[in-house]
Amino acid sequence: MKKKLLLIVFMFCLLTGCHGSKQNSTFEIPDEFDESEKIEITFWAKNDTNVTQSRIYEKAASDFNILYPNVKVNIRLYTDYGKIYNDVITNISTGTTPNVCITYPDHIATYLTGNGTVVDISALMKDEKYGLGGSELKFDGPTESEIVPSFLNECRIGENYYALPFMRSTEACYINKTYVEAMGYEIPDILTWDFIWEVSEAATAKDADGNYLVNGQKTMIPFIYKSTDNMMISMLKQLNAGYSDDSGNILIFNDTTKEILRAVAKHAGSYAFSTFKISSYPGNFLNAGQCLFAIDSTAGASWMGSKAPLSDISEDKIVDFETIVRSIPQYDTAHPQMISQGPSVCIFNKQDPQVVLASWLFAQFLLTNETQIAYSETEGYIPVTTKAGDSAEYQEYLAGCGSDNDLHYDVKIRAAEMLMANKENTFVTPVFNGSASLRDAAGQLIENTAKAARRKQTVDDKFFDAMFDDMVSLYHLDQISATTGNSGDLGPLPGPAKALIVALIIAWIGIIGFNLKDIIKKRKAQKQ
Amino acid sequence: MKKILVLLLALVMVMSLAACGKKDDDKNDNKNETTPAVEDKIDFSKSEGVMTYAQYDAANVDDPVTVETFVQDKQSWWDNKATIYTQDNEGAYFIYEMQCSEADYAKLVKGQKIRVKGFKADFQGEKEIADATFEILDGNYVAPATDVTNLLGTDDLVKYQNRYAEFKGMTVAASKDADGNDVAFLYKWNGSGEDGDDLYFNVELNGSVYTFTVESYLCGKDTEVYKAVKELKVGDKVDLTGYLYWYDTVNPHIISVTAAK
């Protein structure tokens, strides 16, 4: 009895010692969803500091609970993709990932380095009962063919799907039409980089008192780009230059990149151009009449323009002007290209397949028309399903463009329409473990160059070469190929872990020896 | 033998528990260090090549700047970057994401003198030193709070930007939550946040309303000030201290709130 007790204690020790590194086995779809099992799932959701979006998530969770009373969805709200990413990474190591999580495919690629973390949903999507449009679903979700193929394709890593698209946006150029036209320029339907640079430089002209001629104020930053990683990526794509490939090869450090950075240096140095990180939100300057071209996500359209329903500056600073929306500037107007972005949703593997299935059902539920339409109306997002996009309800929403400055705020709807008109002109970058770091580096190249030019430092080939080296080192870009798809060498075991293993081995030897001795004793006794 | 085995198992159990122990992450513990006593004789002289506050103030955005200043508070450390509030006897300097190891961050105790080299920057009206490096110097100074109550609403207030300041006899004014209800404070600027996020609240003086903030990295949800602001009621008369931060307009980062005396 005592020996058995000792053995139990020992096994307990083994289990507790290993709980943090426990791996989930590969998920297998249950035959039936067990609605008698009480399940709680956590959903890490991202909103754009927008209360309506938070409420849509909450409503989705509560509506889902009505359909599946055994499943409770707990929501944790984030306003920053980076914070979700960091928290997921932290929680992978402790086995406490959420069940459902808003994410970017770049991030999933990193999550996948932890074995069995993110569920490969390829089979789930096609499951007859619980897959997309499945026979046992209690809601009217989309079939696979009703998800915009290019958006769904963005969730594929290698041959498998690891997420569902949730919302899609792109970047837009929000323009102070009043001021640009007052300067004598006509705004083309498709902007070019040459046009943007030319008008921006012209807008830096000041009077004798140091006031900018275009607005009569002491402040004017003609062109501000919010996301400089997107800026670099889009410019390279438009120029058909290297960024990276599907194998994770880093191609960004090339002559075209240097050419782009020379342009950045020229216009940052003259203060015609700046970035969010250097100056603040483009919308703040646009709305104050201190910026002509503000490039930000279509998901930020509600903040753009003098009649915007959301604002980050005091009302007395907002000036009156007409805002128009265009796609980002292009090098080749015949073949416009812009980034596809926006949240996707992935599910994490757990020990209980019923929990994973519940997570999958909720992830699908986010693609129902009600959630898709409601969420897309909060900003310049578009639904990821044709089922929602083509619905009478959504079309009615679009038709109401400009009828008020809230739900039907014209800039917001124009931004969404711009993306809809350009669905075929969007692109994404290759996803691999490390692609998120490469993205950061792409933006940092522009930030560093802009700052150096503003600080009157010499920006030349030597500067670029040194900066390229810094980026490789800072973002570990020289280690990406080696780590893609692998957990990597975690280094030697720490001392306490080694001691623990030695103690475990000795204990096992002791137990085995003790039992052997006992068996021998018994056999001897039996013989006698 | 049994005794040995039991002892061995006990050892394994202890080690297993130790293996489960979570490393305490104090990144968000924003409790200020013990305040050292203000020294009687503080050397405010500047080394060669170091700017006076007036020279710093006159410098253009993007100019290189070098200042010698004293740490008053620490906002955050992340990815080898520290954001801190500093001040000398002439003025205050907000240092944004200064290069700093975690070990060095621990040395930046309240009052510690440092030399900072960086570039002057302007983020939405907030003057700061960016891309900075620093070195620890001998010296210690804890700035007293400057009463700027009477400067609120005047053009002179910005001259005190980033200083440790106090505001007396302010009245808590209503903010509108997402449903249009009058509330005493909001999580995030528009009420879209949750417990642990920045707190925003309005205070009124002489008919003008100002938005104050409990910056959650500076004073997290377990701090006294965070808890105290959550207890505020519209109409409460309060005294406040904090750093005279700027975002488009004055937006102090509050570190204490008490009932008005």
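Because the structure is a prediction, the values reported are computed rather than measured.

## What to know about the side chain of Thr86 of chain B
All names here are of chain B. Within the secondary structure, Thr86 sits in strand β2 (residues 81-87). Engagement of the side chain of Thr86 in a polar contact is seen with the side chain of Thr69, the distance being 2.9 Å. Within polar-contact distance, the side chain of Thr86 engages the backbone oxygen of Tyr93 at 2.8 Å. Among residues more than four places away in sequence, those in contact with Thr86 are Thr69, Phe70, Val71, Gln72, Ala92, Tyr93, Ile95 and Ile114.

## Re the packing of aromatic side chains
In this structure the tally under the stated criterion is 44 aromatic pairs over all chains. Through a chain of ring-to-ring contacts, the aromatic side chains of Phe33, Phe43, Tyr57, Phe64, Tyr68, Phe139, Phe166, Phe362, Phe365, Tyr375 and Tyr381 of chain A assemble into a single cluster.

## Remarks on the domain arrangement of chain B
Residues and elements named next belong to chain B. Parsing chain B into structural domains produces domain 1 (53-140) and domain 2 (146-259). Each of domain 1 and domain 2 was reduced to a C-alpha centroid, and the two centroids are 24 Å apart. Around 1,400 Å² of area is buried between domain 1 and domain 2 when both sides are counted, 47% of it from carbon and sulfur atoms. Considering only the side of domain 1, the residues that lose the most area to domain 2 are Tyr85, Gln124 and Glu126, jointly responsible for 36% of the buried surface there. Counting the contacts that link domain 1 with domain 2 gives zero salt bridges. Connecting domain 1 to domain 2 are 11 residue pairs in polar contact (both at pLDDT 80 or more). Secondary-structure elements contributing two or more residues to the side of domain 1 that touches domain 2 are β1 (64-78), β2, β3 (92-99) and β5 (126-140). A total of five residues in the side of domain 1 that touches domain 2 trace back to one element, the largest contributor, which is β1. Looking at side-chain class alone, the side of domain 1 that touches domain 2 contains six nonpolar, seven polar and six charged residues.

## Comments concerning the sheet that holds strand β3 (residues 100-103) of chain A
Residue and element names in this part refer to chain A. Across the sheet, five strands lie side by side as β2-β1-β3-β14-β6; this open sheet has mixed pairing. A single partner strand is all that each edge strand has here, and the edge strands are β2 (71-78) and β6 (164-165). Across eight bridges, strand β1 (residues 39-46) lies against β2 in parallel orientation. Bridge pairing in β2 links Thr42 to Asn74.

## Examining unusual backbone geometry
Residue and element names in this part refer to chain B. The phi dihedral of Asp62 is positive, around 85°, even though this residue is not glycine. Take Asp62: it is sitting in the loop between α2 (53-58) and β1. Phi angles above zero are rare outside glycine, and Asn206 is one such case at about 50°. Residue classification places Asn206 among the exposed residues on the basis of a relative accessible area of 73%.

## Re the pairing of β3 of chain A
All names here are of chain A. Of the two faces of β3, the one carrying Val100 and Ile102 and the one carrying Cys101 and Thr103 are both buried. Taken together, the two bridges between β1 and β3 define a ladder with parallel strand orientation. Its bridge partner lying in β3, Trp44 is registered against Cys101. Pairing analysis gives four bridges linking β3 to strand β14 (residues 344-347), with the strands arranged antiparallel. Along β14, the bridge assignment pairs Thr103 with Ser344.

## Some details on helix α16 (residues 392-399) of chain A
Residues and elements named next belong to chain A. Among the residues making up α16, those that are buried are Tyr394, Tyr397 and Leu398. Buried residues along α16 cover an arc of 95° about the axis, so they all sit on one side. Every exposed residue of α16 that faces more than 90 degrees away from the buried side is listed here: Ala392, Glu396 and Ala399.

## Re the sheet that holds β2 of chain B
All names here are of chain B. Overall, mixed pairing links the five strands, which are arranged β1-β2-β3-β5-β4 in a closed barrel. Averaged over all neighbouring strand pairs, the angle between strand axes comes to 50°, with direction disregarded. Across 10 bridges, the pairing between strand β4 (residues 112-123) and β5 is antiparallel. Directly across from Ile114, in β5, lies its bridge partner Ile136.

## Concerning the confidence of the model for chain A
Low pLDDT marks regions whose predicted coordinates should not be analysed in detail. Residues and elements named next belong to chain A. Taken residue by residue, chain A gives an average pLDDT of 90. The fraction at 70 or more is 89%. In this model, residues 1-23 is a region of pLDDT below 50 whose contacts with residues beyond four sequence positions or in other chains number 31 contacts. Contacts for the low-pLDDT stretch residues 482-497, under 50 throughout, to residues beyond four places or in other chains number 11 contacts.

## Regarding the domain arrangement of chain A
Residue and element names in this part refer to chain A. Split by domain assignment, chain A resolves into domain 1 (20-169 + 342-399) and domain 2 (171-339 + 425-483). For domain 1 and domain 2, the distance between their C-alpha centroids amounts to 32 Å. With 15 residues of domain 1 in contact, the opposing surface of domain 2 contributes 18 residues. Both faces considered, domain 1 and domain 2 share a buried interface measuring about 1,200 Å² in area, 50% of it formed by carbon and sulfur atoms. Of all residues in domain 1, the largest losses of buried area upon contact with domain 2 belong to Asp106, Ser169 and Glu379, amounting jointly to 41% of the total for that side. Applying the counting rule to domain 1 against domain 2 returns one salt bridge. With a shortest N-O distance of 3.6 Å, Arg439 and Asp106 are connected by a salt bridge. The interface formed by domain 1 and domain 2 contains four residue pairs in polar contact (both at pLDDT 80 or more).

## Focus: a nonpolar patch on the surface
Residues and elements named next belong to chain A. On the surface, Ile512, Leu516, Ile519 and Ile520 cluster together into a nonpolar patch covering about 370 Å² of accessible area. With respect to the helices, strands and loops of the structure, Ile512 is situated in helix α21 (residues 495-527). Residue classification places Ile512 among the partly exposed positions, given a relative accessible area of 47%.

## Digging into the confidence of the model for chain B
Residues and elements named next belong to chain B. Looking at chain B, pLDDT values average 88 and 85% of them are 70 or higher. Low confidence marks residues 12-37, where pLDDT is under 50. Its contacts with residues over four positions away, or in another chain, come to 40 contacts. For this predicted complex, the interface score ipTM comes out at 0.80, while the overall pTM is 0.83.

## A closer look at the pairing of strand β7 (residues 164-173) of chain B
Residues and elements named next belong to chain B. The element β7 is extensively covered by neighbouring structure, given that seven of its 10 residues are classed as buried. As defined by bridge partners, β7 adjoins strand β13 (residues 237-243) across six bridges and the pair is classed as antiparallel. Looking at the pairing, Phe167 lines up with Leu240 of β13. Of the pairings in the sheet, the one linking β7 to strand β11 (residues 199-205) comprises three bridges and is antiparallel in character. For Val172, the partnering residue across the bridge sits in β11 and is Val203.

## Focus: the packing of helix α10 (residues 255-269) of chain A against helix α19 (residues 461-474) of chain A
All names here are of chain A. In the contact formed by α10 and α19, the axes pass within 11 Å of each other and the chain directions differ by 115°. Relative to α19, the crossing made by α10 is right-handed. Counting all contacts with α10, which are made through Thr257, Lys258, Leu261 and Arg262, the residues of α19 involved are Asp461, Phe464, Asp465, Met467 and Phe468. Here the residues of the contact of α10 with α19 sort into four nonpolar, one polar and four charged.

## Quick look at helix α3 (residues 81-94) of chain A
Residues and elements named next belong to chain A. With 14 residues, α3 extends 20 Å from end C-alpha to end C-alpha; this agrees with the ideal 20 Å at 1.5 Å per step. All buried positions along α3 are accounted for by Tyr81, Ile84, Tyr85, Asp87, Val88 and Asn91. Turning to α3, the residues buried within the fold contact β1, β2, β3, α4 (105-111) and α18 (435-454). With a side-chain oxygen lying 2.6 Å from the backbone nitrogen of Gly82, the N-terminal cap of α3 falls on Asp80. Once α3 finishes, Gly95 follows within two positions and takes phi at roughly 70°, a positive value.

How each quantity is defined
- Residues numbered from 1 in each chain as written.
- Chains lettered and ligands numbered in written order.
- Predicted model: local features only at pLDDT ≥ 70, side-chain atom pairs only at ≥ 80, totals over all residues.
- Heavy atoms only, no water.
- Helix = DSSP H or I, 4+ residues; strand = E, 2+ residues; numbered from the N terminus.
- Polar contact = N/O pair within 3.5 Å; in protein donor to acceptor, adjacent residues only side chain to side chain.
- Contact = heavy atoms within 4.5 Å.
- Phe/Tyr/Trp six-rings, centres within 6.5 Å; stacked < 30°, edge-to-face > 60°.
- Domains from an automatic or database assignment.
- Buried area = accessible area lost by both parts, 1.4 Å probe.
- Salt bridge = Lys/Arg side-chain N within 4 Å of Asp/Glu carboxyl O.
- Nonpolar A, V, L, I, M, F, W, Y, C, P; charged D, E, K, R; others polar.
- Pairing = 2+ DSSP bridges.
- Buried < 20%, exposed > 50% of the residue type's maximum accessible area, 1.4 Å probe, protein only.
- Arc of directions from axis to C-beta.
- Axes fitted to C-alpha atoms, helices over the stretch in contact; angles between N-to-C directions.
- pLDDT = per-residue confidence, 0-100.
- Patch = residues over 30% accessible without salt bridge, like charges linked within 9 Å, V, L, I, M, F, W, Y side chains within 5 Å.
- Areas by Shrake-Rupley, 256 points an atom, 1.4 Å probe, with all protein chains shown as cover.
- Left-handed = near helix turned anticlockwise from the far one by under 90°.
- Expected span 1.5 Å × (residues − 1).

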